[in-house]
Amino acid sequence: MERITTIAALRSSLAVARRGGKRIALVPTMGALHEGHLSLVDAARQRADLVVMSVFVNSLQFGLQEDWGTYPRPREHDAALAAGRGVDLLFAPEDEEMYRGDTGVRVMPGRMATVWEGAIRPGHFEGVLTVVAKLFHLVGPSVAWFGQKDIQQVIMIRAMVHDLNMPVEIGVAPIVRDQDGLALSSRNAYLSAEQRAAATAIPRALG
Ligand code: PAF
C-alpha cells in the first residue's frame, strides 16, 4: 500500500493510474478505523482497479465546542488495517495540507442541512460537503463509498453530486453493528459502560 500525505504526491500517483485506464474507487474516512470502514473497502474493491482511502480529520466539519482536537488519530494502526484489507493508496494529509491558503469558499448545503443532525450541528454539513468535494476533485474516483449509518450525510452528498453535476457514483454500504446491536462508530469509544448500555435502546427501538 502506498502512503501519501501531500496533494502533489497524490496527484502524480493517480495520474499514472488514470493513464493506465484504472477505475478508481474512493473511501473517505476520518480514521480510527473499524469494521464499518473496512466493509466499505470490501465494497469498493468489487468494482475498482484501485482503491483509495482518505484518512483526514476534517476541522471544517467540527463545531468550536466539538472534539476535533481530541478525535482519535491512531495513524499506524489505521495504516495497518487499511493495508491488511487491500487499500492500494492511503491519503492521510494534515489539516495544513488540505486548507493551506484557504479563502473560505464552501459548498453550501441546502434545506436538508437544517434538520436532524444538521439542526444541532450548524455548519457541520457545509464542512462535510466541502471536504468531500475537495476529495472528489483530488482523487477523481468513478465511485465513492459511504456508510448507511450516516444516512443524512449520504443524502446530502448525493444531492451535491446531482446538483453540481459531479461525475461520481455514490455507493452506500449497510450498517455494521457490534454484538450488542450498536452501530460501529469511532466515537463509541467515548461512551461509558452505562451510556453504552443505554445506547443499545436505539437499535432495539429500530429493530
Ligand atoms: O463520515 C465521515 O467520516 C466524514 O464525514 C467524511 C465523509 C470522511 C468527511 O470528512
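Here the structure is shown first, and the text comes after it.
Predicted, not measured: the structure shown is a model, and the values here were computed from it. (Residues numbered from 1 in each chain as written. Predicted model: local features only at pLDDT ≥ 70, side-chain atom pairs only at ≥ 80, totals over all residues. Heavy atoms only, no water.)

(A) The arrangement of the sheet that holds strand S2 (residues 24–29) in detail. The strand order S1-S4-S3-S2-S5-S6 describes an open sheet built from six strands, whose pairing is parallel. Sheet topology places strand S1 (2–4) and strand S6 (169–173) at the edges, where each strand pairs with a single neighbour. Adjacent strand axes in the sheet meet at a mean angle of 25° when their direction is disregarded. Judged from the three bridges that link them, strand S3 (residues 50–55) and strand S4 (residues 89–91) form a sheet pairing that is parallel. Pairing of Met53 across the sheet is with Leu90, part of S4. Across the face of the sheet, helix H1 (residues 7–19) comes into contact with S1, S2, S3 and S4 while running at roughly 150° to S4. Here helix H2 (residues 35–46) sits on the sheet in contact with S2, S3, strand S5 (143–147) and S6, set at roughly 170° to S2. (Pairing = 2+ DSSP bridges. Helix = DSSP H or I, 4+ residues; strand = E, 2+ residues; numbered from the N terminus. Axes fitted to C-alpha atoms, helices over the stretch in contact; angles between N-to-C directions. Contact = heavy atoms within 4.5 Å.)

(B) Here's a closer look at the nonpolar core. Membership of the largest hydrophobic core comes to 36 residues, with the highest contact counts inside it found for Phe91, Met98, Phe136 and Ile157. For this core, the secondary-structure elements that each account for two or more residues are H1, S2, S3, S4, helix H4 (95–99), helix H6 (124–139), S5 and helix H7 (151–163). Element by element, the count of residues in this core is highest for H6, at ten residues. Every residue in contact with Met98, bar those within four places of it in the chain, is listed here: Ile7, Phe56, Phe91, Pro93, Val131, Lys134, Leu135 and Leu138. (Core = buried A, V, L, I, M, F, W, Y, C linked by side-chain atoms within 4.5 Å. Buried < 20%, exposed > 50% of the residue type's maximum accessible area, 1.4 Å probe, protein only.)

(C) Here's a closer look at H6. Between the first and last C-alpha of H6 there are 22 Å, a value that for 16 residues agrees with the 22 Å anticipated at 1.5 Å per step. Within H6, 13 of the 16 residues are buried, leaving the element largely enclosed by the surrounding structure. Gly140, located one to two residues past H6, shows a positive phi value of around 60°. (Expected span 1.5 Å × (residues − 1).)

(D) The arrangement of the site of the ligand in detail. All residues adjacent to the ligand are Pro28, Thr29, Met30, Asn58, Gln61, Val128, Val131, Phe146 and Gln153. Between an oxygen atom of the ligand and a side-chain N or O atom of Gln153, the distance comes to 2.7 Å. Where the shell around the ligand is concerned, the elements lending two or more residues are S2 and H6. Split by residue class, the shell around the ligand holds five nonpolar, four polar and no charged. (Near = heavy atom within 4 Å. Polar contact = N/O pair within 3.5 Å; in protein donor to acceptor, adjacent residues only side chain to side chain. Nonpolar A, V, L, I, M, F, W, Y, C, P; charged D, E, K, R; others polar.)

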